Structure formats: structure tokens, C-alpha cells
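Topology and contacts: notes
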Amino acid sequence: MNVILLGAPGAGKGTQASQISDRFGLPHISTGDIFRENIKNATPIGLLAKSYTDKGQLVPDEVTCQIVEDRLSRADCKNGYLLDGFPRTIAQAEALDKFAKIDYVININVDFGLLMDRLCGRRVCKDCGESYHISRLNGETKCSRCGGELYQRKDDNPETVQSRLDVYKAQTAPLIDYYTKKGIILNFTSTDAPPSVLFAEIEAKLIELSK
Ligand code: AMP
């Protein structure tokens, strides 16, 4: 099963992705994580990506598509994968169509009014990537799942979040239509309920479809 997770920044893609990945045994491929890892290790891709991610802009399509094509050609993707944060433009979706066959697109809709607070209050585990909101941490600085240190992503500040949301509306939201026309989109809504509620809905749908 080859699946894409689509949704605005802060819709909860990362949280859902790690649960879907565990439950269905699909490698979780997050282009954002790949860029952050490259930035941390100061690779040539990292140096290029940093100038875009710091401003909340998209890394150029050619670079991003090549990274994904290489990643999908690895052995662990042979029986399926979960793409998180890719594609983000129509050009990326068209490029993906040339090297992959996508079965389902899980689109997580969310009220935009929730996103600024969600993202600016987000803290992420540097080891396992689990996300938390500062309002529920009560001063805790370690991940309750693995004990890793929690940190605030550099792009989770009001100015960069606003530009990420603008980029989503202009460049990524048109993908909803693109995949609706292909008849492979599955629509869900993220609310303030715990992420397990949304996961249960996604899990039930994927089980029904794989029967
Ligand atoms: P994310 O962790 O998915 O929010 O991604 C963080 C940042 O990485 C984005 O704001 C972009 O700068 C960059 N990025 C991630 N995925 C893509 C993509 N598919 N195309 C271009 N840039 C991306």
C-alpha cells in the first residue's frame, strides 16, 4: 500500500504518520525530517534546504523530487510506504506520478484558526519525533514515549508559521483537487480531540479498503 498524507502544517500529519507506519508496517518517509537531518549534518542538501526552511518556503521541486525518488527505490519501500509532507506542489505530484503508483491520499482537514497556536506551542522529541503541545506538558522537558529531550523547531515561530500556512494555501491545497479527480482521496478532519480519535478513523478506513 503506497500512501500519501496531505494536510496543512500543524494538521497532525507527523503524529498520524508514526501511528499508521507502526500499525501497517509502512516506512514513514517525511521530507521535512530528511531536510532537518541534512541540515543537522551540514550536508550540501542541508545547506541548500536551510535557506528555504528557515523562511518557511519550499525547497525547490527538482531537489525534493530527486530525494524522494532515491528514497522510494530502497528495498524497504518494496511493499509500500507512507509519504508525509510530499508532494507539496502540483509539479511534485506530477513528478511522483512518473516514478510511483499511489493507492490512497489521506487528506487531513483542519480549521486554520487552530494552527498558529498549535505550531507555535509545539515541542518535538529530538530522538523519536513525537509532538507535544506546551499547554499539556506542565513544564516537562522530556519525551514521555522515549525520554528524549524536547525542543522547539526553528520554523515554529509566528512569522515563519504564517509563511508556511500561506505556502500551503497557494501551492499545496490544490493537490486536494488533483487527487480528488484521480478518485484516490480519503478525507478526514483533525479537531482538538486526542490524536488517537483521528487515528482510529484512519485505521478503520485503511483496514476496510485493504479487505
Ligand atoms: P515539515 O516538517 O513537513 O513541516 O517540513 C519542514 C520544511 O521542510 C518545509 O517548511 C519546507 O521548507 C521543507 N519541505 C518539506 N517537505 C517539502 C516538500 N515536499 N517540498 C519542498 N519543501 C519541503
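Residues numbered from 1 in each chain as written. Predicted model: local features only at pLDDT ≥ 70, side-chain atom pairs only at ≥ 80, totals over all residues. Heavy atoms only, no water.

Some points on the sheet that holds strand β3 (residues 81-84)
- Taking strand neighbours across the sheet as the criterion, the five strands line up as β2-β3-β1-β4-β8 in an open arrangement whose pairing is parallel. Strands with a single pairing partner mark the edges of an open sheet, and in this sheet they are β2 (28-30) and β8 (185-190). For this sheet, the mean angle separating the axes of adjacent strands, direction not counted, is 20°.
- As judged from the six bridges shared by strand β4 (residues 104-110) and β8, these two strands associate in the parallel manner. By the bridge assignment, N107 is partnered in β8 with N187.
- Strands in contact with helix α2 (residues 31-40) are β2 and β3; relative to β2, the strand with the most contacts, it is inclined by about 65°.
- This element, helix α9 (residues 195-210), spans β4 and β8 of the sheet and lies at about 165° to β8. (Pairing = 2+ DSSP bridges. Helix = DSSP H or I, 4+ residues; strand = E, 2+ residues; numbered from the N terminus. Axes fitted to C-alpha atoms, helices over the stretch in contact; angles between N-to-C directions. Contact = heavy atoms within 4.5 Å.)

What to know about the state of the cysteines
- Throughout the structure, instances matching the rule amount to zero disulfides.
- Residue C65 stays outside any disulfide, its sulfur separated by 16 Å from that of C77, the closest cysteine.
- When its relative accessible area of 10% is taken as the criterion, C65 is described as buried.
- Its sulfur unpaired, C128 is 3.8 Å from the next cysteine sulfur, which belongs to C143.
- Residue class for C128 comes out partly exposed when judged on its relative accessible area of 31%. (Disulfide = S-S within 2.5 Å. Buried < 20%, exposed > 50% of the residue type's maximum accessible area, 1.4 Å probe, protein only.)

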